[in-house]
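As a plain string of letters, each chain reads:
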Amino acid sequence: MKSNVPVYVLGFGSNLLVADEGVRGAVVQLKTDSFSQMNFDKESVTAGAGRLELGRLLFTCARKGLSGLEPLSGIPGSVGGRSG
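An account of the accompanying structure is given in this report. (Residues numbered from 1 in each chain as written. Predicted model: local features only at pLDDT ≥ 70, side-chain atom pairs only at ≥ 80, totals over all residues. Heavy atoms only, no water.)

What to know about the overall build of the protein
Secondary structure summary: the protein contains 1 helix and 4 strands in total. Its C-alpha atoms give the protein a radius of gyration of 15 Å, clearly above 12 Å, the size a compact globule of 84 residues would have. Dimensions of the protein along its principal axes, counting C-alpha atoms only, are 45 × 30 × 20 Å. Burial analysis of the protein (84 residues in total) assigns 19% to the buried set. (Helix = DSSP H or I, 4+ residues; strand = E, 2+ residues; numbered from the N terminus. Rg over C-alpha atoms; globule rule 2.2 N^0.38 Å. Buried < 20%, exposed > 50% of the residue type's maximum accessible area, 1.4 Å probe, protein only.)

In structure tokens form, the structure reads like this:
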């Protein structure tokens, strides 16, 4: 069954501002551990879109010798989510 209800996906929900009127639509927060997984192959990483802290991802990439995400250093919050 399809609907025209907008869907907003959250990770931790940090750094989130919501208008006093609330949000029109459904808000889904990704809470299970399956959304915090990191999978590495030789030269890339696939990261969960919700409960994975960005700092943890960057630290793990650095330990594995992967680069490219350095500009994200210092940004609090989690990986993923979607803005309206």
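Having seen the structure, we can now continue with the description.
So, the packing of aromatic side chains
A full pass over the atoms with the stated rule returns 0 aromatic pairs. Sitting over the ring of F40, K64 keeps its end group 4.9 Å from the ring centre. (Phe/Tyr/Trp six-rings, centres within 6.5 Å; stacked < 30°, edge-to-face > 60°. Lys NZ or Arg CZ within 6 Å of the ring centre and 35° of its normal.)

As for a nonpolar patch on the surface
There is a patch of nonpolar side chains on the surface, built from L16, V18, V23 and V27 and spanning about 320 Å² of accessible area. Residue V23 is classed as partly exposed on the basis of its relative accessible area, which comes to 41%. (Patch = residues over 30% accessible without salt bridge, like charges linked within 9 Å, V, L, I, M, F, W, Y side chains within 5 Å. Areas by Shrake-Rupley, 256 points an atom, 1.4 Å probe, with all protein chains shown as cover. Salt bridge = Lys/Arg side-chain N within 4 Å of Asp/Glu carboxyl O.)

Topic: the nonpolar core
Counting residues in each nonpolar core, the largest one holds 8 residues, listed as M38, L52, L54, L57, L58, C61, L66 and V79. Sorting elements by how many residues they give to this core places helix α1 (residues 54-63) first, with 4 residues. Apart from the residues within four sequence positions on either side, L58 is in contact with L69, L72 and S73. (Core = buried A, V, L, I, M, F, W, Y, C linked by side-chain atoms within 4.5 Å. Contact = heavy atoms within 4.5 Å.)

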